Structure formats: C-alpha cells, structure tokens
Amino acid sequence: RVVGEIEALSALGTYAYERPADPFPELVEDGAVFDAEALRHPLIEGASAIGNDVRLGRSDPHVIIVSGSNMSGKSTLLRSVGVSVVMALAGAPVRAARLRLSPLVLGATLHIEDSLQAGHSRFYAEILRIRTIVDAGRGPAPLLFLLDEILHGTNSFDRRIGAEGIVRALVELGAIGLVTTHDLALTELSSMLGAVAVNAHFEDRLVDGQMVFDYRMRPGVVEHSNALALMRAIALNV
C-alpha cells in the first residue's frame, strides 16, 4: 500500500513538473459544483486541444444535454470532465485555464460493452451501470454524472421516456452532469426539466468533401447530422 501511494504521488508530481502551466483546482465545500474554464483533455496536445467552458451547479445549470454529429467531440468532452475530476481530487493540476469544484462522486456510462459471458446486451449493461450511478447519487457526497449516448440501444420512444425519468431522478437527488445524444428528441429534456437543464452542441462543416470539426461547444441544439455524409465519404451508396 505504501509503495503504491509513493508511486501515485510520484506520478502526480511528474505531471505537475511537466505541465507547469496547468493550474491546481480550487476546492469548495458547499453543494455540487463543477466550474471549468477552457477545459481540455490531458492526452491531447497542441492545436488539437480545444478548450471549452463547462459550468454546472448552484446558479448555473445542473444538466447540460449535448447534441452533435459523429466525431464532433461529445464523448471527448465527457472524458475531459471525468478525468479532470479524478485528477483534481487526487491533488493534481488540471488541463484547464481554471477549475473550481466541490468534492464529487463520479458516475459514467462511457465505454459500456455487452458480455457474452454474463449474457448481457449492451443496453442491459448500460442500465445496470445507470442503476449504480443512481444509487451513488443517494450517498452523502454530491454526484457528477456523465451519460454518453444515453439508452441508444433501445427504440426512440422508450429512450425518450427512460432518459427523462433517469435524468429527472438524478437532478432530484441533487446531482449535476452531462448527457450526450444523437437523438434530437432528447434535446426536449431541457424544457421538460425546466431551468436546471440547457442544451449545447458540437457541429461540423463539409470542406472540399472532407468533414471539418472545430470541437467547440456552442449553446442550443445541433441543426444537422453528418452520418450520411460520412457514409458517402467511404463510398457507401446511400
């Protein structure tokens, strides 16, 4: 145990030494708060590391519903938020211009897979994970949830009703978080949940037959999809 702790502290110290521009976070104690300016993923370097502001809790929205096309940056944003929480609460600096957060329990549905051994479909594995996230929301520490492509393994009718019930339950437990989706019907969650939820999106454009992304999160609902353009770009006749 002691050797493991020394190894962990050495890794954090090395990261701080190699990234002197990365600030240490400010910790606050009152309620669920995540307030990041120019947040980036620590494994993305150079001009590809685009910073986005993410503000959750207190007077800011408690839920951000993020829509957008394929490869536009939705899942990377969730990973950036999640890894920054882990690093901050471990005592490390973070890849952001500034980060202010409270002690948080983290719950995520990133990288959910089916299991032949357990006999679980991807959808069943996801709802099992969501159940553990809801249970964590009932604990003493505030929860930050990251729900990636929520319930995309079921039909659109069940997905809309299920997603509303899950997110509403988490909000009522005092949790904050982000939900990504390709299903634009789920962007109606912001009006169903009231002032605690807002929509944001990532977008793309087609330049000389190539998809171009700027990886910047914008307010509102995405207005187009790139799925058909991507299929045509690899010579699928659709």
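The notes below deal with the structure included here.

Thresholds, definitions, all that
- Residues numbered from 1 in each chain as written.
- Predicted model: local features only at pLDDT ≥ 70, side-chain atom pairs only at ≥ 80, totals over all residues.
- Heavy atoms only, no water.
- Pairing = 2+ DSSP bridges.
- Helix = DSSP H or I, 4+ residues; strand = E, 2+ residues; numbered from the N terminus.
- Contact = heavy atoms within 4.5 Å.
- Axes fitted to C-alpha atoms, helices over the stretch in contact; angles between N-to-C directions.
- Buried < 20%, exposed > 50% of the residue type's maximum accessible area, 1.4 Å probe, protein only.
- Polar contact = N/O pair within 3.5 Å; in protein donor to acceptor, adjacent residues only side chain to side chain.
- Salt bridge = Lys/Arg side-chain N within 4 Å of Asp/Glu carboxyl O.

Taking strand neighbours across the sheet as the criterion, the 4 strands line up as β1-β5-β2-β3 in an open arrangement whose pairing is mixed. Edge strands, defined here as strands with exactly one partner in the open sheet, are β1 (26–27) and β3 (52–56). Of the strands in this sheet, β1, β2 (34–39), β3 and β5 (98–101) touch helix α2 (residues 74–90), which is tilted by about 115 degrees from β2.

A separate point is the side chain of Asp-35. Counting through the fold element by element, Asp-35 comes out in strand β2. Assessed through its relative accessible area of 11%, Asp-35 is described here as buried. There is a polar contact of 3.0 Å between the side chain of Asp-35 and the side chain of Arg-55. Once you skip the residues sitting within four places of it in the chain, Asp-35 turns out to touch Val-54, Arg-55, Arg-98, Leu-99 and Arg-100.

What the rule picks out here adds up to 16 salt bridges. Salt-bridge contacts for Glu-149 lead to Lys-74; the nearest nitrogen and oxygen are separated by 3.8 Å. With Glu-149 in the loop between β7 (143–147) and α4 (156–172) and Lys-74 in helix α2, the pair connects residues that are 75 residues apart, well separated along the chain. Between Glu-203 and Arg-218 there is a salt bridge, and its shortest N-O distance comes to 3.6 Å. Here Arg-218 lies in strand β12 (residues 218–219) and Glu-203 lies in the loop between β9 (197–202) and β10 (204–207), a separation of 15 residues in the sequence. Note on Arg-218: relative accessible area 27%, which makes it partly exposed.

With that out of the way, let us pick up the sheet that holds strand β4 (residues 63–68). The 6 strands lie next to each other as β6-β7-β8-β4-β9-β12, forming an open sheet whose pairing is mixed. A single partner strand is all that each edge strand has here, and the edge strands are β6 (105–108) and β12. Summarising the sheet, β6 and β7 pair through 4 bridges and their orientation is parallel. Opposite Ala-108, over in β7, you have Leu-146 as the bridge partner.

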